[in-house]
Amino acid sequence: MPPRGPPRSFFWALITLSSIPARVAGCDFLQPACGAQAPGDVVIGIMLPSHRKVKALQERIRPENFHCSDFDLESFLRSLAVIHEIEVINAAGFLPGVRLGYLMCDTCSSASKSLQSVGHMLEVNGSLNVMCDYTDYRPRVKIVLGALYSEVSIAVAKLLNVYMVPLLSSTSSAPDLSNKLRFPAFVRTIPSDKHQTKAVATVMHHLGWNWVGVVYGDDEYGSAAFQSFLGNTEASGLCLAYQEVVPHYLDHLLSAQRMKQVAEQIRSSDAQVVLLILKAELVEDLFREMIRTGTSRIWFATDAWSTSRALAQMEGINEVGDILGITFVSKKSESFDGYLKNLTATPRGYNRFIEEYKNLRFNCSSECFSSSPPSYCPSPEVLRMKSASACNNFLDPQKQNDDYLVTALDTSETFLHKVAVWATAHALKELLECNGSSCLGEINFPPWKLLEVLKTVKFEFENLNFNFDRNGDFEGFYDLVVWKPEGRHRRCQKIGKFHVVEEEIELDIKDVTWFSTANATIPQSRCSERCAPGSVKKILNVYCCYNCTLCAEGTFSDAWDLDTCKPCPNGTWSLKGWDRCTPRSESYLRWADTHPIIMVAASVFGILLLFATFVIFLVYRDSQPMKRAEVKLSCVMMAGLSVSFASVICFMGKPSVHLCRARQVMYAMGFTLCVSCVLVKAYRTFLAFLPFGQLTCRRLHKLYKPTVIVIVITALQGIICLLWLIFDSPDIDPTPPSPQTMIRLIQCSEGPTYIGFGIMLIYIALLASVGFLLAIKGRKVPQEFSETGYIIFSMLMYLFVWVCFIPVYITNNEHASPVQASAILVSTYGIIFCHFLPKCYEALGGSKTDTLERILRRWEVISGPKLEVGVNAPSEKSNRCSVTSTTTILRSEVSPIDSEIFIMPMLNEEMLTCMKVGIKLRRCRSISI
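Within every chain, residues take consecutive numbers counted from 1 along the sequence as written. pLDDT decides what is reported in this predicted model: residues at 70 or higher carry local features, side-chain atom pairs at 80 or more are listed and counted, and totals for whole chains, interfaces and linings draw on all residues regardless. The side-chain figures draw on all heavy atoms in the structure; neither hydrogens nor water molecules are used.

Q: Where do I start with the pairing of strand β11 (residues 273-277) in this structure?
A: Regular strands place their side chains on alternate faces of the sheet. For β11, the buried fraction is high: 5 of the 5 residues fall into the buried class. Both faces of β11 are covered, namely the face carrying Val273, Leu275 and Ile277 and the face carrying Val274 and Leu276. Paired strands are those between which DSSP finds at least two bridges. Here a strand is any run of E in DSSP of at least two residues, a helix any run of H or I of at least four, and the numbering for each starts at the N terminus. As judged from the 5 bridges shared by strand β9 (residues 211-217) and β11, these two strands associate in the parallel manner. Residue pairing across strands places Val214 opposite Leu275, the latter belonging to β11. Here a crossover is taken to be right-handed if, once the strands point away from the viewer, the path from the first strand over the helix to the second is traced clockwise. Between the parallel pair β11 and strand β12 (residues 297-301), the chain is carried across by helix α8 (residues 280-293), and the sense of this crossover is right-handed. Partly exposed describes any residue whose relative accessible area lies between the buried limit of under 20% and the exposed limit of over 50%, with all areas from a 1.4 Å probe on protein chains only and scaled to the type maximum.

This is how it looks when you write it as structure tokens:
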């Protein structure tokens, strides 16, 4: 508690007397409407609030005087900046021979109070006359600088439109004021709020916030700014979690109740970012409620409170969370700081606001600091400016000065108010036709002439260029600020800029420590988590609330939070959830891959094996095994098998139309040739050893034409292949790859309908089946006389392989080519191992053949009918005889033990001649090889 000084009544009487102005037009004002003025040739009106509100405005029922309260230190500083700049211009002789004066009126943040002040500024000879034409209207005040709030400027500008007196503001940013049809006399040194709300939305989008709440006042400024922000939300990807409006008038009966409702809405919402389009006084009330309930959020401030000292100094401000803001261009001035340290009224003028400030700062009074202060005491917030040394001396408070205004407030915020004064000075210089020594124009000019020149003025101030656009606005840039903690309070720190014309943002937040995260990590405020590249948003109820869905095959998303997936360009593809498209890789049997190398090696080895077999057959062509194997017929089989092996090689490499056709035709013709030879061998055995009647023998004998059979069977396959190539030709498979794969399968299609391919395989299978059945019929014939066992196993292997091939080929089309190639290899090797290798083994030194006697005895046991071998054996009556074109005759003697049997073909024999030396064969059948 400061010590008591002189009697309290003396000091408060001094305060009261200092605030009583002279009588103005028959009216006394306890607090003057125009409390500061200085004479001049051209008078500038200053309309800024030195008090925050009008007392008991809701109780006003008679047009009596307005009583203001709560001294507004920050707005008072703005008025001092205007006055100081006017004095600087006068001292510099910028307008030679012309002195600028001013008349300052307190608006008390009230539109009604401001209109009363306009009446005082525009009076001529103590009255405001009503005229039909104000073209030659020449009031003392030629231009009005103000007001602070858009609501007040809108009201004042509408009145000034009648007289076309220019209203130049440095803080009123409502978008409506840019409408020259409604406000032709209004200009301002700041951008419109449509740019500010665009800047706010851009910053939010830049920081990754899309779920925000908005609280705005119901005045002109709040409503217009909110609508402007609402128009920018969709373009910036923002959504409103809630929007709350509060009464802008502080003494409103429901203001406190409404503020609690708004606070509850903020607490209940999951939106972490709140945009406050309110006056600083309303923000202070809201913050108190937040502090009381321990609620922390990220607050975004508009220019109305982004640099408010009262808020930055309020108790518990560090508990409300992070505060970002947007403000106008600011710049420090040393001369202005010096002026504030030696604060006095302009010579020949007076400034009752300075007097009130000094009384509040330096007057000694303790009763206002008691627990029950008198009603006339200022509010606790205003009492904070009381100097600690106020009661240490008995000097006149009006003579005291210190650096409190410089240290407690940010004097750089007054920069644009100085710009407004200089804009007026430059317009006057042009209007008054000033040169280096004098101004030749008329001093008492109509205000509309100054407005006309002001809109076109261009000038430089503090290394910055200024001019008005066609809407009467400045288009420069905004400063972006963050409130950093400084002990128990906060201070503003610039973190970037927003350029109005380019709509570009410069932001440096790497050194910002956020309350929400306790580090440099930017806190989040989103309705839904961001959708990563590869996914897109599936909107739920509002634009910002969505689920993330993966992009389908053939589409992609290459950025965060895209609305739709982009289709892949031609020649590229993507799988589900991909963030880019790439060309599909081609898949075929490449020469360098392991599987093709193995199959090619197997094919080459098979061809070499056939060549080696061919050489053995030629070398040992006169041996018994080779004679029984029919060397010529076997060589034809080898040729067919070689072609089949060569067809496998055509399956390798990148397919082409010619390769697709060649490999199937080569296999069909080669393997058909081989199987036809096998069929001939099976048919020969069938004819030689099975009993038939003479008539049947003759008919079957006539059908046995090996060369003709082989040619006809192979020719039929050739016709099938020719028709296949004409009507259902193999080609490159046009089937598009599966959407779920990045591999483009390059393979052959065996025709649009696969009919030709099926008939070709069925034909070979039919031949193999006939050969298999004929071999089954002759399975009891001794192996020494036939190859039935080899035929059965080789044909059975072929049929088994191709029966397995069909379902695998149908169900696994992606590997059709290697499956068919493998089937060809297995079936071809089956014939080699079953037909040729045993003969080669016998020819190269295998076991000797049995004697005819043993063979015949074994045949007798197997076949059933008695084959008697002996001397003077009884004769069997039989008229049946097997007739064949390869009837064999026993040419050598047969010893009782083991004699070698030479079996030679005898063509065109109808009866079997049995020759016996020492043994008489009473009955003999033809032996077929």
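Q: Help me understand the state of the cysteines, please; the structure alone is not making it clear to me.
A: Disulfides are covalent bonds that link the sulfur atoms of two cysteine residues. Cysteine sulfur atoms are paired as a disulfide whenever they come within 2.5 Å of each other. Tallied over the entire structure, the rule returns 9 disulfides. Disulfide pairing is shown between Cys527 and Cys545; the S-S distance is 1.8 Å. A torsion of 105° about the S-S bond marks the disulfide between Cys527 and Cys545 as right-handed. With Cys527 in the loop between β19 (504-507) and β20 (535-539) and Cys545 in the loop between β20 and β21 (546-550), this pair connects stretches of sequence that are 18 residues apart. Accessibility expressed as a relative area gives 23% for Cys527, which makes it partly exposed. Residue Cys545 is classed as buried on the basis of its relative accessible area, which comes to 6%. The thiol of Cys674 is unpaired, and the distance to the nearest cysteine sulfur, on Cys677, comes to 6.7 Å. Classification of Cys674 by relative accessible area gives buried; the value is 0%.

Q: Would you mind showing me how to read the pairing of β20 here?
A: As paired elements, β20 and β21 share 5 bridges and run antiparallel to each other. Within β21, the position partnered with Ser535 by the bridge is Leu550.

Q: Just checking my understanding: could you explain helix α14 (residues 415-431) for this structure?
A: Each turn of an α-helix holds 3.6 residues, which means side chains three or four residues apart point in the same direction. A helix is expected to span 1.5 Å multiplied by its residue count minus one. Under the 1.5 Å per step criterion, the end-to-end length of α14 is 24 Å for 17 residues, consistent within 8% with the ideal 24 Å. A large share of α14 lies buried, amounting to 14 of its 17 residues. Glu433 lies just past α14 and shows a positive phi near 55°.

Q: What is the right way to read the packing of helix α2 (residues 73-92) against α14 from this model?
A: How two helices sit against one another is set out by the angle between their axes and by the gap between those axes. Axis definition: a line fit to C-alpha positions, over the contact stretch in the case of helices; interaxial angles, taken between N-to-C directions, run 0 to 180 degrees. It is at 8 Å that the axes of α2 and α14 come closest, and there the two elements cross at 35°. Once α2 is placed against α14, the crossing between them reads as right-handed. Residues Arg78, Ala81, Val82, Glu85, Ile86, Val88 and Ile89 of α2 pack against His417, Lys418, Val421, Trp422 and Ala425 of α14. With the far helix as reference, a near helix turned anticlockwise by less than a right angle produces a left-handed crossing, and one turned clockwise produces a right-handed crossing. Here, residues are in contact when the closest pair of their heavy atoms is within 4.5 Å.

Q: Please explain the packing of α2 against helix α11 (residues 352-362) as it appears in this structure.
A: One can describe the packing of α2 onto α11 by two numbers: an axis separation of 11 Å at closest approach and a directional angle of 140°. Classed by the angle they form, the pair α2 and α11 counts as oblique. Between α2 and α11 the crossing geometry is left-handed. Two secondary-structure elements touch here, α2 through Leu73, Phe76 and Leu80 and α11 through Phe353, Ile354 and Tyr357. Of the residues assigned to the contact of α2 with α11, the class counts are 6 nonpolar, no polar and no charged. Angles below 35 degrees are treated as roughly parallel, those above 145 as roughly antiparallel, those between 65 and 115 as roughly perpendicular, and all remaining angles as oblique. When residue character is reported, Ala, Val, Leu, Ile, Met, Phe, Trp, Tyr, Cys and Pro are called nonpolar, Asp, Glu, Lys and Arg charged, and the others, Gly included, polar.

Q: How should a nonpolar patch on the surface be read in this particular structure?
A: Grouping into patches uses exposed residues only, defined as over 30% relative accessible area, and leaves out salt-bridged ones; the cut-off is 9 Å for like charges and 5 Å for nonpolar side chains (Val, Leu, Ile, Met, Phe, Trp, Tyr). Under the convention used here, a 1.4 Å probe and the Shrake-Rupley method define accessible areas, while residue burial counts only the protein chains that appear. Think of a salt bridge as a Lys or Arg side-chain nitrogen and an Asp or Glu carboxyl oxygen that are within 4 Å of each other. A cluster of nonpolar residues, Val708, Val712, Leu716, Ile719, Leu722, Leu723, Ile726 and Phe727, forms a patch on the protein surface that exposes about 780 Å² of accessible area. Relative to the assigned elements, Leu723 resides in helix α21 (residues 706-727). The class for Leu723 is partly exposed, based on a relative accessible area of 43%.

Q: It is not clear to me how helix α22 (residues 755-777) should be interpreted in this structure. Could you clarify?
A: Along its 23 residues, α22 runs 32 Å from first to last C-alpha, staying within 8% of the 33 Å computed at 1.5 Å per residue. Turning to α22, its buried residues number three or more, namely Gly756, Phe757, Met760, Leu761, Tyr763, Ile764, Leu767, Ala768, Gly771, Phe772, Leu774 and Ala775.

Q: Which parts of the structure should I look at to understand the pattern of salt bridges?
A: For side chains of opposite charge, pairing can occur when their charged atoms come near one another. A full pass over the atoms with the stated rule returns 24 salt bridges. Residues Arg138 and Asp136 are paired through a salt bridge, measuring 2.6 Å at the closest nitrogen-oxygen approach. By relative accessible area, Asp136 is classed as exposed at 52%. Residue Arg491 is joined to Glu486 by a salt bridge in which the shortest nitrogen-to-oxygen separation is 3.2 Å. What emerges from the salt-bridge pattern is a single network uniting Asp136, Arg138 and Glu442.

Q: Please clarify how the sheet that holds β11 should be interpreted in this entry.
A: The strands making up a sheet associate through backbone hydrogen bonding, with each pair oriented either parallel or antiparallel. Across the sheet, 8 strands lie side by side as β10-β9-β11-β12-β13-β17-β18-β19; this open sheet has mixed pairing. Looking at which strands have only one partner, the edges of the open sheet turn out to be β10 (239-246) and β19. Between one strand axis and the next, the sheet turns through 25° on average, direction left out of account. Pairing of strand β18 (residues 489-499) with β19 involves 4 bridges; the strand directions are antiparallel.

Q: Can you help me understand the side chain of Asp733 in this one?
A: Inspection of the secondary structure puts Asp733 in the loop between β25 (731-732) and β26 (743-745). We note that Asp733 is buried and unpaired, the nearest opposite charge coming from Arg663 at a distance of 9.4 Å. Beyond its immediate sequence surroundings of up to four residues, Asp733 is in contact with Gln747, Cys748, Ser749 and Asn813. Charge counting follows a simple rule: Lys and Arg are positive, Asp and Glu are negative, and His as well as the terminal groups are ignored.

Q: What's the story with the packing of aromatic side chains in this structure? I'm lost.
A: Note on aromatic pairs: each is described by the distance of the centres and the angle between the planes. Ring pairs shown here join Phe, Tyr and Trp side chains whose ring centres sit within 6.5 Å, with only the six-membered ring taken for Trp; geometry is labelled stacked below 30 degrees between planes, edge-to-face above 60, and tilted in between. Taken as a whole and judged by the stated rule, the model has 31 aromatic pairs. Arranged with centres 5.8 Å apart and planes meeting at 70°, the rings of Trp305 and Trp483 form a pair that is edge-to-face. Taken together, the positions of Trp305 in the loop between β12 and α9 (309-312) and Trp483 in strand β17 (residues 477-486) put the pair 178 residues apart, joining distant regions of the chain. Its relative accessible area of 0% is what places Trp305 among the buried residues. Each ring, one from Phe336 and one from Tyr339, has its centre 6.3 Å from the other, and the planes form 20°; the classification is stacked. One end of the pair, Phe336, and the other, Tyr339, are both in helix α10 (residues 334-341), 3 residues apart, so they sit about a helical turn from each other.

Q: Looking at this structure, how should I read the nonpolar core?
A: Nonpolar side chains tend toward joint burial in soluble globular proteins. To form a nonpolar core, buried Ala, Val, Leu, Ile, Met, Phe, Trp, Tyr and Cys residues must be joined to one another through side-chain atoms within 4.5 Å. Counting residues in each nonpolar core, the largest one holds 127 residues, and the members touching the most others are Phe76, Met204 and Leu405. If you tally residues by element for this core, the top one is α14, at 11 residues. The contact partners of Leu405, leaving out residues within four places of it in the chain, are Leu73, Phe76, Leu80, Leu340, Leu343, Tyr357 and Thr411.

Q: Please clarify how unusual backbone geometry should be interpreted in this entry.
A: Peptide bonds are, in most cases, trans, and in most cases residues other than glycine have a negative phi. A cis amide bond, omega -5°, links Gly146 with the succeeding residue Ala147. Mapped onto the elements, Ala147 comes out in the loop between β6 (141-146) and α4 (150-163). Its identity as a non-glycine residue notwithstanding, Asp70 has a phi of 65°, on the positive side. You can see Asp70 is positioned in strand β4 (residues 68-71). Judged by relative accessible area, which is 23%, Asp70 ranks as partly exposed.

Q: For this particular structure, what's the right way to read the environment of Gln664?
A: Within the secondary structure, Gln664 is located in helix α19 (residues 657-689). Along the chain, Gln664 and Val648 lie 16 residues apart, while their C-alpha atoms are 9.3 Å from each other. Each residue touching Gln664, except ones within four places of it in the same chain, is listed here: Phe651, Trp724, Glu750, Phe757, Met760 and Gln820. Here a polar contact means two N or O atoms within 3.5 Å. Within protein one must be a hydrogen donor candidate and the other an acceptor candidate, and residues neighboring in sequence count only if both atoms are side-chain atoms. A distance of 3.2 Å separates polar atoms of two side chains, one belonging to Gln664 and the other to Glu750.

Everything listed here is a matter of geometry and, on its own, says nothing about what the molecule does.
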